[in-house]
Amino acid sequence: MRDEQFRKFLENDPSITSKQKAVNSRLAKARKVEEIFKVNLDDIVRDDEKTYKLLMSIKPIDRMGNYQNAVRKYYIFVNGIEFPSIAQYEYNRNKSKQL
């Protein structure tokens, strides 16, 4: 994970209101995801299927959605777009398998 670049991205995010606390929290959560799941977020978010699988792995241990939120913010940082909702991703995935 590119910590300093991600920090700057978060600090410039207009949807984050309490900059210092929220930025530090998202950075800590993203680092924790890498530690728990033994992954590099740069590798994961470059592949939608890997991102989906990671989000699904996080879901059972993430009651408040904070870890998933950190991964989703990192996805935006790297790709410049939001990752779709799980339901939308699964719908698109199933639709493409039918073709």
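Residues numbered from 1 in each chain as written. Predicted model: local features only at pLDDT ≥ 70, side-chain atom pairs only at ≥ 80, totals over all residues. Heavy atoms only, no water.

Caption draft 1: Expanded view of the environment of Glu 35. Relative to the helices and strands, Glu 35 resides in helix H2 (residues 19-37). Each C-alpha atom of the pair Glu 35 and Ile 76 lies 20 Å from the other, and the pair is 41 residues apart in sequence. (Helix = DSSP H or I, 4+ residues; strand = E, 2+ residues; numbered from the N terminus.)

Caption draft 2: Seen up close, the nonpolar core. Residues Met 1, Phe 6, Leu 41, Leu 54, Val 71 and Tyr 74 are the most contacted members of the largest nonpolar core, which totals 24 residues. When contributions to this core are tallied by element, the ones reaching two or more residues are helix H1 (3-11), H2, helix H3 (41-44), helix H4 (48-58), helix H5 (66-79) and helix H6 (86-98). When residues no more than four places from it in sequence are discounted, the contact partners of Leu 54 are Val 33, Phe 37, Leu 41, Ile 44 and Val 71. (Core = buried A, V, L, I, M, F, W, Y, C linked by side-chain atoms within 4.5 Å. Buried < 20%, exposed > 50% of the residue type's maximum accessible area, 1.4 Å probe, protein only. Contact = heavy atoms within 4.5 Å.)

Caption draft 3: Fine view of H5. Taking 1.5 Å of rise per residue, 14 residues should cover 20 Å, and H5 covers 20 Å from first to last C-alpha, within 8% of that figure. Next to the buried residues of H5 lie H1, H2, H3 and H4. In the segment just after H5, Gly 80 is the residue with positive phi, at about 80°. (Expected span 1.5 Å × (residues − 1).)

Caption draft 4: Local environment of the packing of H1 against H5. Relative orientation of the contacting elements H1 and H5 amounts to 95°, with a least axis distance of 10 Å. Relative to H5, H1 is oriented roughly perpendicular. Each of Gln 5, Phe 6, Phe 9 and Leu 10 in H1 lies in contact with H5, whose residues at this interface are Ala 70, Lys 73, Tyr 74, Ile 76 and Phe 77. (Axes fitted to C-alpha atoms, helices over the stretch in contact; angles between N-to-C directions. Parallel < 35°, antiparallel > 145°, perpendicular 65-115°, else oblique.)

Caption draft 5: Fine view of unusual backbone geometry. Although it is not a glycine, Lys 38 sits at a positive phi angle of roughly 55°. Following the sequence through the fold, Lys 38 ends up in the loop between H2 and H3. According to the relative accessible area criterion, Lys 38 is exposed, its value standing at 72%.

Caption draft 6: Region of the structure containing the packing of H4 against H6. It is at 11 Å that the axes of H4 and H6 come closest, and there the two elements cross at 135°. In this view, H4 runs oblique relative to H6, as classed from their interaxial angle. In the packing of H4 onto H6, the handedness of the crossing is left-handed. For the pair H4 and H6, contact is made by Asp 48, Glu 49, Tyr 52, Leu 55 and Met 56 and by Ile 86, Tyr 89, Glu 90 and Arg 93, respectively. Here the contact of H4 with H6 is built from residues that sort into five nonpolar, no polar and four charged. (Left-handed = near helix turned anticlockwise from the far one by under 90°. Nonpolar A, V, L, I, M, F, W, Y, C, P; charged D, E, K, R; others polar.)

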